[in-house]
Amino acid sequence: MLSSRSKLNILLIIVAILNIIDLLASWQLISKYGLEMELNPIMRWVFGFGLVPTVLVKMGMLLLFLIVITLGARKYFRLAYMGTWVVILVMGAVILVHVANSIIK
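Rules of the game
Residues numbered from 1 in each chain as written. Predicted model: local features only at pLDDT ≥ 70, side-chain atom pairs only at ≥ 80, totals over all residues. Heavy atoms only, no water. Helix = DSSP H or I, 4+ residues; strand = E, 2+ residues; numbered from the N terminus. Buried < 20%, exposed > 50% of the residue type's maximum accessible area, 1.4 Å probe, protein only. Contact = heavy atoms within 4.5 Å. 1 Å grid on protein atoms, 1.4 Å probe; cavity = no way out; pocket = protein on both sides within 12 Å on 5 of 7 lines; lining within 4 Å. Points joined across faces, edges and corners; volume = space filled by probe spheres on them. Expected span 1.5 Å × (residues − 1).

> So what exactly am I meant to see when it comes to the overall build of the protein chain here?
Across its full length, the protein chain holds four helices and zero strands. Along its sequence from the N terminus, the protein chain presents helices and strands in the succession α-α-α-α. For the protein chain, buried positions account for 29% of its 105 residues. Considering only intrachain contacts with a sequence separation of at least 6, the fraction spanning at least 24 residues in the protein chain is 68%.

> Even after reading the chapter, I still don't get the side chain of histidine 98, so can you show me in this structure?
Positionally, histidine 98 belongs in helix H4 (residues 77-104). Here histidine 98 is in contact with Asp22, Ala25, Ser26 and Leu29, once residues within four sequence places are set aside.

> Explain the layout of surface pockets here, please?
The rolling of a water-molecule-sized probe over the atoms marks out the regions of remaining empty space. Quantified by volume, the largest pocket comes out at close to 540 Å³. Lining the largest pocket are 26 residues, and of these Asn19, Asp22, Asn40, Lys58 and Met91 lie nearest its centre. Elements represented by at least two residues in the lining of the largest pocket include exactly helix H1 (4-33), helix H2 (41-47), helix H3 (51-75) and H4.

> How should I be thinking about H1 in this particular structure?
Note: α-helices contain 3.6 residues per turn, so residues at a spacing of three or four share the same orientation. Compared with an ideal rise of 1.5 Å per residue, which puts 30 residues at 44 Å, H1 spans 43 Å between its outermost C-alpha atoms and is within 8% of the ideal. Glycine 34 sits one or two positions beyond H1 and adopts a positive phi of about 105°.

Rendered as structure tokens:
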């Protein structure tokens, strides 16, 4: 049986994977159809600077999230665990939007 900490670590790995998929899918759609395919206005602005700055910002934000959740889980484990599930659900929905955009376009 996995410990609670191990379960959180697995969820954090899932968050990282979903973020990488989001980045790759966004870049693919933007390359084909233009910046308007990015629905997040901040990331749309960042994508305007090119792939390298976008990867740096996206991975930097992911790293910040992973650090904050890991540190926060020391004192507020349940909140960190549930919050990570919320992020997974949101990122899952984002991936579904990417899939829908790929099919529709």
